[in-house]
Amino acid sequence: MSTNITTQPDTNRPLGSTSSPWVTGGKKPPASRLRGGRRRSIPHLLLGALLVVVCVGVFLVVSLDSGNREPVVALARPVTVGQVLTAQDLKQVNVAVDPGVSVVDAGQAASVVGKTMSTSLSAGALLTPDAVGNGGFPAAGQALAALSLKSGQFPPEVAPGSHVSVVFVPGQTGAAVASVPTADPSSVWPAVVTSVTSPPNQQITVISVQLGEAAARQIAAVPAGQLSVVMVSGGGH
């Protein structure tokens, strides 16, 4: 007696399905499923490329700017007109200098040590050849005048480098009144203070000022006690 066994296919399992692992055999999904992911990654690639370009541009700008800098001489502390420069007054800085600006190269710093300042400069200012006297002090066309002043005839804040106005003040009644030989009817002379000293055992202060030669001669002709000093802003009269 023989028995025939017939196997029927499972009609409940979709034969055409490709989502089951046994169909794909563990292989990657078809390429059609990756196309959308690739499209979504393109903006990120563009953004990355843009960031690289920006970084390169910034690097080039900084490199070019640094390449234009040169070592020059600047002031490490304030100096005043008439002051003799020392090595401690100077420092080296690296700056981008316009071709039309005259500066002192750092390699020439030793050449200005011992020279006399012809103007007053603040700390950090670049030293220029014009600021240093080439010859003696004062400069050509300038002169120094000494003012013997009592308390109340000058501001106590006056110091070397201060811009001042020297004012003629007529003497008191009974005192000799000077006749000031000046073309300026106001009898006021702009000047720059070069030194302030107080002689020992004396109730006066001697203030030396730099101003034009003609004005210095006029001030020297005024009797003591008939001059006062007014402190003004830089460049003021």
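Residues numbered from 1 in each chain as written. Predicted model: local features only at pLDDT ≥ 70, side-chain atom pairs only at ≥ 80, totals over all residues. Heavy atoms only, no water.

**Some thoughts on the overall build of the chain**
Line of reasoning, step 1. Within the chain, the secondary structure is distributed over four helices and seven strands.
Line of reasoning, step 2. Going residue by residue from the N terminus, the α and β elements of the chain occur as α-α-β-β-α-β-β-β-β-α-β.
Line of reasoning, step 3. Within the structure as shown, the chain displays about 15700 Å² of accessible surface, and the carbon and sulfur contribution to it stands at 58%. (Helix = DSSP H or I, 4+ residues; strand = E, 2+ residues; numbered from the N terminus. Areas by Shrake-Rupley, 256 points an atom, 1.4 Å probe, with all protein chains shown as cover.)

**Brief notes about helix H4 (residues 213–220)**
Think of an α-helix as turning once every 3.6 residues; residues three or four places apart then point the same way.
Line of reasoning, step 1. Looking at H4, one finds that the buried residues are Ala-215, Ala-216, Gln-218 and Ile-219. Each buried residue of H4 lies within a common arc of 160 degrees when the element is viewed along its axis, so the set occupies one face. For H4, the exposed residues set more than 90 degrees away from the buried face come down to Arg-217 and Ala-220.
Line of reasoning, step 2. Against strand S3 (142–149), strand S4 (163–168), strand S5 (188–197), strand S6 (205–212) and strand S7 (227–232) lie the buried residues of H4. (Buried < 20%, exposed > 50% of the residue type's maximum accessible area, 1.4 Å probe, protein only. Arc of directions from axis to C-beta. Contact = heavy atoms within 4.5 Å.)

**A word on unusual backbone geometry**
Line of reasoning, step 1. Even without being a glycine, Asn-201 presents a positive backbone phi close to 60 degrees.
Line of reasoning, step 2. Relative to the elements of secondary structure, Asn-201 occurs in the loop between S5 and S6.
Line of reasoning, step 3. For Asn-201, a relative accessible area of 84% puts it in the exposed group.

**Here's the deal with the sheet that holds S4**
Line of reasoning, step 1. Across the sheet, which stays open at both edges, the five strands sit in the order S3-S6-S5-S4-S7 with antiparallel pairing between neighbours. Two strands in the sheet have a free side with no partner beyond their single neighbour: S3 and S7. Strand-to-strand twist of the sheet, defined as the mean angle between neighbouring strand axes without regard to direction, takes the value 40 degrees.
Line of reasoning, step 2. With five bridges connecting them, S5 and S6 associate as antiparallel partners. Paired with Val-196 across the two strands is Ile-207, which belongs to S6.
Line of reasoning, step 3. Most of the contacts of H4 go to S6, to which it runs at about 145 degrees, and overall it touches S3, S4, S5, S6 and S7. (Pairing = 2+ DSSP bridges. Axes fitted to C-alpha atoms, helices over the stretch in contact; angles between N-to-C directions.)

**Here's the deal with the environment of Val-232**
Line of reasoning, step 1. If you trace the backbone, Val-232 turns up in strand S7.
Line of reasoning, step 2. Residue class for Val-232 comes out partly exposed when judged on its relative accessible area of 22%.
Line of reasoning, step 3. A C-alpha to C-alpha distance of 9.9 Å links Val-232 and Val-158, two positions 74 residues apart in sequence.

**What to know about the confidence of the model for the chain**
Line of reasoning, step 1. Summarising the model, the chain shows a mean pLDDT of 76, and 69% of its residues fall at 70 or more.
Line of reasoning, step 2. Mean pLDDT across the secondary structure elements of the chain bottoms out at helix H1 (residues 21–24), with 46, and peaks at S4, with 93. (pLDDT = per-residue confidence, 0-100.)

**Structural notes on the pairing of S6**
For a regular strand, the rule is simple: side chains alternate between the two faces of the sheet.
Line of reasoning, step 1. Summarising burial for S6: six of the eight residues are buried, a large majority.
Line of reasoning, step 2. Pairing geometry for S3 and S6, over eight bridges, is antiparallel. Across the sheet, the residue bridging to Ala-145 is Val-209, located in S6.

**Here we look at the pairing of S5**
Line of reasoning, step 1. Summarising the sheet, S4 and S5 pair through five bridges and their orientation is antiparallel. Bridge assignment links His-163 to a residue of S5, and that residue is Val-192.

**Quick look at the nonpolar core**
Line of reasoning, step 1. Formed by 21 residues in total, the largest nonpolar core has its most connected members in Leu-147, Trp-189, Val-209, Leu-211, Ile-219 and Leu-227.
Line of reasoning, step 2. Residues in contact with Leu-227, not counting those within four places in the same chain, are Leu-147, Leu-149, Gln-153, Val-166, Val-167, Phe-168, Trp-189, Ile-219 and Val-222.
Line of reasoning, step 3. Grouped together as the second largest cluster of nonpolar side chains are eleven residues, Val-79, Leu-85, Val-112 and Leu-127 included. (Core = buried A, V, L, I, M, F, W, Y, C linked by side-chain atoms within 4.5 Å.)

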